[in-house]
Amino acid sequence: MFLHRHATAALPRYTSYPPANRFQDGEGRDLYPWWLEGLTPAQPLSLYLHVPFCSQLCWYCGCHTSVANDSSRIDQFVGRLINEILMVSRRVIDPGEVCAIHFGGGTPTMMSPQAMKRVMQTLRDAFPVRADAEIAVEIDPRTLDDAHVATMAAAGVTRASLGVQDVDPEVQRAINRIQPTELVADRIAALRAAGIRRINADLMYGLPGQTVEHVRRSADAVTALGVDRVAVFGYAHVPWFKKNQGAIDESLLPGAEARFEQAEAAEEQLVADGYEAIGIDHFARPQDSLAVAAREGRLRRNFQGYTDDPAETLLGFGPSSISALPGGYAQNAPHVRQWSEAVDAGRLAAQRGLAVTWEDRLRRAVIERVLCDGAVDLLAVAESRGDDPTLLVDAFARLAPLIRDGLVTVDRWQVTATAAGRRYWRAIAACFDPELAPSVGRHSVAV
């Protein structure tokens, strides 16, 4: 059910609470060292490494990345990344076990195979990485060669996430990403042959020239490739924030209702093809660990999106990466030069951040359950934390318009999205965010 005012509301994705746009300059820089030193072996860790380089800039991209002009620039980056890993590890006096490592970007395989091997060995030397840790790498199929595949397999990579976006050549031309489906299939086959058998694919809707039929064909294409998980993201057009998006012809962008229909079509097609809907934008085969976690109420949300990673502490490395610790959030300097200067000077690269209060933690727990389950028992969540549920009653007034529109029901302390409210979980979650203010361009639209 398309409802314009809810579907077009600019809302955080709530991969953190409070969201990253509320981080303060200096706060993370000042507190991050203390937060690291306070970690204990009882707290499992997750590690994220951001590689801010690509061989070519896709016009839709909203990530912190740039085109690398020569290999020496990437080699220098790798040296600094290793130094940052060692610098952070020295602060964590007695670390917990690492249960997940995620390489994102940008394009992590812009690092040479030898460099990837060095980084992985550094991580294993610096932190106690569990033997069964999930090690995931985001991949651009166009630049993935056999040497990288072999290196990743030898390094213990367990999951590869391939950007597909849309399989139609016209849509690909409109976003400057020409990528034949045959190429994607070939690279997936190479990964599986090397022993990397857990495969994810990313799709997008709301792209220039895209239609419902394009979205359905793309969903069918990744299904035919046999991927385990599919993420379906709505394109956020913010050319004032990301200059590369200025190359997109805005007249070709689908309107709000067309975007909604595309999101609906993607879910309908993937569910029909045997995937289970996970949260607001993920889909997984029933036997996949993400689907199992969702069924068992263990699904979680962090800066990489939906996860079954049990670690609540995430350490980020590389420009713009964000660390989430019990005390709060710390984000590295976003630009390579600023980050490089800090690492070269022997300083932690955190530039922004936010200390979280006990009320923030309560609201974060509630928002996470809404976005993971589409429902939350406010009393149960509050009591499990020793908190007062009446702190959350301010949300009821904000929920009222969604209740009137048939998107959510409230029964005492139980808040539940209706079937019609499936696309509006972000809007429901936002009702528990008392600091959310109307904004233009700071968040993507809800659908």
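Note that this is a predicted model, so its numbers are computed, not measured.

(A) Expanded view of the pairing of strand β9 (residues 198–205). The buried fraction of β9 is high, at six of eight residues. Here six bridges tie strand β8 (residues 159–165) to β9, and the two strands are oriented parallel to one another. Looking at the pairing, L162 lines up with A201 of β9. Looking at chain direction, β9 and strand β10 (residues 229–234) are connected through six bridges and run parallel. By the bridge assignment, N200 is partnered in β10 with R229. Regarding the hand of the β-α-β motif, the stretch spanning β9, helix α8 (residues 212–224) and β10 is right-handed.

(B) The arrangement of the nonpolar core in detail. I101, F103, V119, L191 and L315 are the most contacted members of the largest nonpolar core, which has 116 residues in total. Per element, the largest residue contribution to this core is eight residues, and it comes from helix α3 (residues 71–91). Contact partners of F103, with chain neighbours within four places excluded, come to L49, P108, M111, V119, M120, L123, I135, A136, V137 and E138.

(C) Main features of helix α14 (residues 394–404). Residues of α14 that are buried: A395, L399 and L402. Looking down the long axis of α14, one finds its buried residues gathered within 40° of arc, a one-sided arrangement. Of the exposed residues in α14, those oriented more than 90 degrees away from the buried face are A397 and R404. Packing partners of the buried residues in α14 comprise α1 (4–7), β20 (408–411), β21 (414–417) and α15 (425–430). Just past α14, the residue G406 takes up positive phi, approximately 75°.

(D) Quick look at the packing of aromatic side chains. Tallied over the entire structure, the rule returns nine aromatic pairs. Between Y14 and Y17 the ring centres are 6.4 Å apart and the planes differ by 40°, which places this aromatic pair in the tilted class. Consider the rings of F396 and W413, whose centres lie 6.2 Å apart with planes at 50°: the pair is tilted. Remark: W413 occurs in the loop between β20 and β21 and F396 occurs in helix α14; sequence separation between them is 17 residues. On the accessibility criterion, F396 (27% relative accessible area) is partly exposed. Taken together, F2, F260 and Y424 form an aromatic cluster joined through their ring pairs. It is K242 that lies over the ring of F241; its NZ or CZ is 5.4 Å from the centre. A cation over an aromatic ring shows up here: R301 above the ring of Y306, its NZ or CZ 4.5 Å from the ring centre.

(E) Up close: the pattern of salt bridges. One pass over the structure, following the stated rule, counts 31 salt bridges. In this structure, D132 and R130 form a salt bridge, with 2.9 Å as the shortest nitrogen-oxygen distance. Among the salt bridges present, the one from R298 reaches E296, with a minimum N-O distance of 2.8 Å. One network of salt bridges, with partners in common, ties together E134, R159, R198, R229 and D288.

(F) Fine view of the sheet that holds β21. The sheet built from three strands is open, its strands ordered β19-β21-β20 with antiparallel pairing. Edge positions in the sheet fall to β19 (375–377) and β20, since each has one partner strand and no second. Geometrically, the sheet is characterised by an average inter-axis angle of 10° between neighbouring strands, direction not taken into account. In this structure, β20 lies alongside β21, joined through four bridges in antiparallel fashion. Across the sheet, the residue bridging to V408 is A417, located in β21.

(G) Region of the structure containing the pairing of β21. Only one face of β21 is covered, namely the one carrying V415 and A417; the face carrying Q414 and T416 has none of its residues buried. Turn length for the β20-β21 hairpin, with the two strands adjacent in sequence and antiparallel, is two residues, and the turn residue R412 shows positive phi of about 55°.

So, how was this worked out
- Residues numbered from 1 in each chain as written.
- Predicted model: local features only at pLDDT ≥ 70, side-chain atom pairs only at ≥ 80, totals over all residues.
- Heavy atoms only, no water.
- Buried < 20%, exposed > 50% of the residue type's maximum accessible area, 1.4 Å probe, protein only.
- Helix = DSSP H or I, 4+ residues; strand = E, 2+ residues; numbered from the N terminus.
- Pairing = 2+ DSSP bridges.
- Right-handed = clockwise from strand over helix to strand, strands pointing away.
- Core = buried A, V, L, I, M, F, W, Y, C linked by side-chain atoms within 4.5 Å.
- Contact = heavy atoms within 4.5 Å.
- Arc of directions from axis to C-beta.
- Phe/Tyr/Trp six-rings, centres within 6.5 Å; stacked < 30°, edge-to-face > 60°.
- Lys NZ or Arg CZ within 6 Å of the ring centre and 35° of its normal.
- Salt bridge = Lys/Arg side-chain N within 4 Å of Asp/Glu carboxyl O.
- Axes fitted to C-alpha atoms, helices over the stretch in contact; angles between N-to-C directions.

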